[in-house]
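Observations on chain architecture
Here's the letter readout for the chains.
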Amino acid sequence: MTSGILVYAETSDSRIHPVSFELLGKAREIAEKLGLEVWSVIIGFDVKDRAKELIYYGADKVYVYDSEHLKDFNVLTYKDILVDLVKEIDPEIFLIGATPLGRSLAPRVAAALDTGLTADCTDLRVDEEGNLIQIRPAFTGNILAHIKTTSKPIMSTIRYKVMPMPKRDESRKGEIVIKNPPEKIDTRIKSLGRISKRTVNIADAEVIVSGGRGLKNKEDLKMLEELAKLLGGVLGVSRPLVDEGWIAKEHQVGFSGNTVKPKLYIACGISGSPQHLAGMRDSQIIVAINIDPSAPIFRHADYGVVGDLYEVVPKLISMIKRIKGVSGS
Ligand SMILES: Cc1cc2nc3c(=O)[nH]c(=O)nc-3n(C[C@H](O)[C@H](O)[C@H](O)COP(=O)(O)OP(=O)(O)OC[C@H]3O[C@@H](n4cnc5c(N)ncnc54)[C@H](O)[C@@H]3O)c2cc1C
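Residues numbered from 1 in each chain as written. Predicted model: local features only at pLDDT ≥ 70, side-chain atom pairs only at ≥ 80, totals over all residues. Heavy atoms only, no water.

**Quick look at the site of the ligand**
Selection rule: Whether a residue is near a molecule or strand depends on its heavy atoms: it is near if one of them lies within 4 Å of it. Under this definition, polar contacts are N or O atom pairs within 3.5 Å; protein pairs additionally need one hydrogen-donor-capable and one acceptor-capable atom, and for neighbouring residues in sequence, both atoms have to be side-chain atoms. Here the accessible surface of atoms and residues is derived via Shrake-Rupley with a 1.4 Å probe, and residues count as covered only by protein chains that are part of the display. A helix here means a DSSP run of H or I that spans at least four residues, while a strand means a run of E at least two residues long, and both kinds are numbered starting from the N terminus. Amino acids are sorted into nonpolar (Ala, Val, Leu, Ile, Met, Phe, Trp, Tyr, Cys and Pro), charged (Asp, Glu, Lys and Arg) and polar (every other residue, Gly among them).
Around the ligand sit 27 residues in total, of which Ser238, Ser256, Ser271, Gln275 and Asn290 are the nearest. Backbone polar atom of Val253 to a nitrogen atom of the ligand: 2.8 Å apart, as the coordinates give it. Gln275 places a side-chain nitrogen or oxygen 2.7 Å from an oxygen atom of the ligand. The fraction of the free accessible surface of the ligand (990 Å²) that becomes covered by protein chains is 77%. Of all the secondary structure elements, the ones that give two or more residues to the shell around the ligand are helix H6 (239-243), helix H7 (274-280), strand S16 (285-290) and helix H8 (309-324). Class assignment of the residues belonging to the shell around the ligand gives a composition of eight nonpolar, 15 polar and four charged.

**So, the packing of helix H3 (residues 75-89) against helix H4 (residues 100-113)**
Formally: Interaxial angles span 0 to 180 degrees and are taken between N-to-C directions of axes, which are lines fitted to C-alpha atoms, for helices over the stretch in contact. An angle below 35 degrees is read as roughly parallel, one above 145 as roughly antiparallel, one from 65 to 115 as roughly perpendicular, and any other as oblique. Each helix crossing is assigned a hand: it is left-handed if the near helix lies turned anticlockwise from the far helix by less than a right angle, otherwise right-handed if that turn is clockwise. Only heavy atoms enter the contact rule, under which two residues are in contact if any of them lie within 4.5 Å.
Across the interface, H3 lies against H4 with an axial gap of 9 Å and an inter-helix angle of 45 degrees. By the angle between their directions, the pair H3 and H4 is classed as oblique. Read as a crossing pair, H3 and H4 show a hand that is right-handed. Residue-level inspection shows Val75, Leu76, Tyr78, Lys79, Leu82, Val83, Val86 and Lys87 of H3 in contact with H4, the latter providing Ser104, Leu105, Arg108, Val109, Ala112 and Leu113. Tallied by class, residues from the contact of H3 with H4 come to ten nonpolar, one polar and three charged.

**Structural notes on the pattern of salt bridges**
Under the convention used in this document: Just to be clear on terms, a salt bridge is a Lys or Arg side-chain nitrogen sitting within 4 Å of an Asp or Glu carboxyl oxygen. Under the scheme applied here, a residue whose accessible area is under 20% of the maximum for its type counts as buried, over 50% as exposed, and between as partly exposed, the area being computed with a 1.4 Å probe on protein chains only.
Under the defined criterion, the tally for this structure stands at 19 salt bridges. In this structure, the salt-bridge partner of Asp204 is Lys161, at a minimum N-O distance of 3.4 Å. Highlighted residues: Asp204 in the loop between strand S12 (175-178) and strand S13 (207-211) and Lys161 in the loop between strand S11 (154-158) and S12, separated in sequence by 43 residues. A relative accessible area of 17% places Lys161 in the buried class. Among the charged side chains, a salt-bridge network with shared partners connects Lys26, Glu29, Lys33, Asp123 and Arg125.

**Points about the environment of Lys152**
Summarising the element assignment, Lys152 is placed in the loop between strand S10 (143-147) and S11. Overall, Lys152 belongs to the partly exposed group, its relative accessible area being 40%. Linking Lys152 and Ala110, residues 42 residues apart in sequence, is a C-alpha distance of 9.7 Å. Other than its neighbours up to four places away in sequence, Lys152 contacts Asp90, Pro91, Glu92 and Thr115. Here Glu92 takes part through its side chain, which lies 3.4 Å from a polar atom of the side chain of Lys152.

**Digging into the sheet that holds strand S14 (residues 234-237)**
Keep this limit in mind: Here, any two strands with at least 2 DSSP bridges between them count as paired.
Here we have five strands laid out as an open sheet, ordered S14-S13-S15-S16-S17, and parallel in their pairing. Edge strands, defined here as strands with exactly one partner in the open sheet, are S14 and strand S17 (303-306). Taken pair by pair, the neighbouring strands of this sheet meet at an average axis angle of 20 degrees, ignoring direction. Sheet analysis places strand S15 (residues 264-268) next to S16, joined by five bridges and oriented parallel. From the neighbouring strand, Leu264 faces S16, where its bridge partner is Ile285.

**Describing the environment of Glu175**
The residue Glu175 is located in strand S12 in this model. Excluding anything up to four places from it in sequence, Glu175 contacts Ile55, Asp60, Lys61 and Val62.

**Side note on the domain arrangement of the protein chain**
As a reminder of what qualifies: Where each domain begins and ends follows an automated or database-derived domain assignment. Here's the idea: put two parts together, see how much 1.4 Å probe accessible area each one loses, and the total over both is what we call buried area.
Here the protein chain is described as being made up of domain 1 (4-178) and domain 2 (202-324). The C-alpha centroid of domain 2 is placed 32 Å from the C-alpha centroid of domain 1. Summed over both sides, the interface of domain 1 with domain 2 buries roughly 940 Å², with 46% coming from carbon and sulfur. Three residues stand out in domain 1 for area buried against domain 2, namely Thr140, Arg159 and Lys161, and they jointly supply 55% of the buried area on that side. Where domain 1 packs against domain 2, one counts one salt bridge. Here domain 1 is connected to domain 2 by six residue pairs in polar contact (both at pLDDT 80 or more).

Spelled out as structure tokens, the structure:
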């Protein structure tokens, strides 16, 4: 029997997180090199109908656990399901998105299976000998570690937006296996409801205007936000601004924040540290505004403006307003 690569399909309100499709695309590529199948597992409520989406994005077989008591993510219940499934189907490789949910689930599954886990990978490759090489930033992003695991299954979590999104192909065929969900058990974890909703989804934004330590005070973020809004985008920041408490972490771009891949990334008063670059270097077009011509960000920018952001940004805002015919320009 052909073995496989298992991909965990993360859901929220029965919607599949796009990182799962990215992982299926990568799994397909590796599976073809290693002669494996691509399997996926989806857990939740009302998720049965979603299984075919996973096939359209590359799965050969999808295991479905669908039950009302699985509606809300419960790390212990989900962990037990995944551990039992892995023991039953014995995949060679198991991939999980490095989302907040995946980061809490994967280590528990790996520990229960007594296998290794390479967390937060940014790429996966197959070497000449057919080994899976897991690539991830190390030493705060200054080097890229290439990791080979000898335990089985090889388990990795992979960041969102680092792998290309595969094409959705409705002509793909695959098998859907409906599994009996386990009985509801008392995990002593009770969901009391959601206390907050994300206000910004920076990872999916097409335009990001980011501010760094070149900003003199918190209020000046409003100026960058205005530019972002005019361009149909969102506000990003470098980490020191989050550490200062100026803005929520969901706006942070970089190694310990979000990985982003917008069409346009405008970095204002950001020096271009390896940790910041780790989160945005794959943006399609990078524009840097910085007073220091030797700032490292200019080495990665498609367009650079050597200048004071307090002069350049207001000019950009009034130019765009003029072009758009917005009053106040
Ligand atoms: C474990 C670890 C994880 C980290 N994770 C992240 C992360 O996820 N994201 C992140 O961003 N950082 C991260 N960092 C921090 C990182 O090392 C840098 O300290 C940080 O990115 C620097 O932010 P900055 O570019 O805004 O500030 P600075 O490096 O201080 O740069 C400010 C820039 O603004 C320019 N400037 C000043 N005034 C103006 C002006 N008026 N107009 C235009 N330009 C001006 C300056 O020339 C300078 O280049 C991490 C660090 C560690 C150790």
